[in-house]
Amino acid sequence: MTSKEIKKLITSAKNVAIFGHQNPDLDCFGALFGAKYLCEKLGAKATIFSNPPKNSFLLNIFDGKEIESEFFSENFDLVIILDCNLFSRLEEKYREEVKKINNILVIDHHPQVEVENGCKFLIDKNKSSASLIILEILNELKIPLTKEVATYIYAGVVGDTGRFLHTNTDVATFEGAIALLKSGADIQKVYDVVYRSKTLTQIKIRDYLFSIYKLSPKNVCYLVISKKMLEKVGGSVEDVKLFIDDLNQIKEFNVVMMAYEIENENYKVSCRSKNGYEVAGVAVRHGGGGHKMAAGFSLKGSVKQVEKALEKISEEF
Ligand SMILES: [Mn+2]
């Protein structure tokens, strides 16, 4: 879909419900808040639905008061799904209710492994973030940004590029960043929250992670973090997620696979790679997805079983 077609779709709607993927990150929220602003500027009422943990760092950038939890499809005539293109990646509580609406727009930058029936799509897998796609729509429609929404979108761009570090960083990313700075994005606020706010507990968790990782013969680093362990040090899954990129900074690690327990024996595995290695294929093979060098999938079992599974998967690279 073009920006003009998207404008038409939104202006002919009255109430728009906006969703991102489960376990939202900076880009997801940047896109959600950017899309809400886009809808409102086009005259539609828009509501973001998500359930970030109460202590999530995201809420130190994004206004939690603008997020709703309970979604009833009968109140809405358009759904926009962002930073995700599969119903299976939505939070579980929304999946069936979202499908009841037959007017769904998907805006994303992840490759499409499967095409959901009946949806309209704007997918650009060359874009470094979904937030950047929203920025480009706003720019094409000549909608000026507020300082606040510029900050939100900047947070999304920074999140998915690892502060302009990952290989997805390109000319369009920097052009977007310039436009956001010109609109008054508070970049120091983003950096304070994302890069200058580690707690001592989080550092304890990082030290722990560096003490338990295993390394395969192909230099694939893998580790399993259970809820029990997190409880011992008083940390959360959010804390663990901060350090996947720290592990990926180690020169010798071609791939990092970090499994953390979301709920009873259900693990999410986050993967990162470098040195010419890719993780997307392995993630898809194990029922997940993502980008070439940043992807994820799920595993079930005890700590020992998950570790065994990762050891086996490490041979696939
Ligand atoms: Mn993203």
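Residues numbered from 1 in each chain as written. Predicted model: local features only at pLDDT ≥ 70, side-chain atom pairs only at ≥ 80, totals over all residues.

## So, the overall build of the protein chain
Argument step 1. Counting its secondary structure elements, the protein chain contains 13 helices and twelve strands.
Argument step 2. For 317 residues, the compact-globule estimate of 2.2 N^0.38 gives 20 Å, and the protein chain sits close to it at 19 Å.
Argument step 3. The C-alpha extent of the protein chain, read off along each of the three principal axes, is 55 × 40 × 35 Å.
Argument step 4. Counting only residues that meet the buried cut, the protein chain has 41% of its 317 residues in that class.
Argument step 5. The long-range fraction of contacts in the protein chain, counting pairs at least 24 apart against all pairs at least 6 apart in sequence, stands at 68%. (Helix = DSSP H or I, 4+ residues; strand = E, 2+ residues; numbered from the N terminus. Rg over C-alpha atoms; globule rule 2.2 N^0.38 Å. Buried ≥ 20, exposed ≤ 12 C-beta atoms within 10 Å, placed from the backbone. Contact = placed C-beta atoms within 7 Å.)

## Remarks on the sheet that holds strand β3 (residues 67–68)
Argument step 1. Pairing in this open sheet of six strands is parallel, and the strands run β3-β2-β1-β4-β5-β6 from one edge to the other. Strands at the two margins of the open sheet, each flanked by one partner only, are β3 and β6 (120–123).
Argument step 2. Here strand β1 (residues 15–19) pairs with strand β4 (residues 78–82) via four bridges, running parallel. Opposite F19, over in β4, you have I81 as the bridge partner.
Argument step 3. Helix α2 (residues 26–41) rests against β1, β2 (45–49) and β4 of the sheet, and its axis sits at about 165° to β2. (Pairing = 2+ DSSP bridges. Axes fitted to C-alpha atoms, helices over the stretch in contact; angles between N-to-C directions.)

## Quick word on the domain arrangement of the protein chain
Argument step 1. The domain boundaries assigned to the protein chain delineate domain 1 (3–194) and domain 2 (200–316).
Argument step 2. Here the C-alpha centroids of domain 1 and domain 2 sit 26 Å apart. (Domains from an automatic or database assignment.)

## Observations concerning the sheet that holds strand β7 (residues 214–215)
Argument step 1. As summarised here, the arrangement of the six strands in space is β7-β8-β9-β10-β12-β11, forming an open sheet in which the pairing is mixed. Each edge of the sheet is formed by a strand with only one pairing partner; in this case those strands are β7 and β11 (289–290).
Argument step 2. Sheet topology places β11 next to strand β12 (residues 294–300); two bridges connect them, and they run antiparallel. What sits directly across from G289, in β12, is G296.

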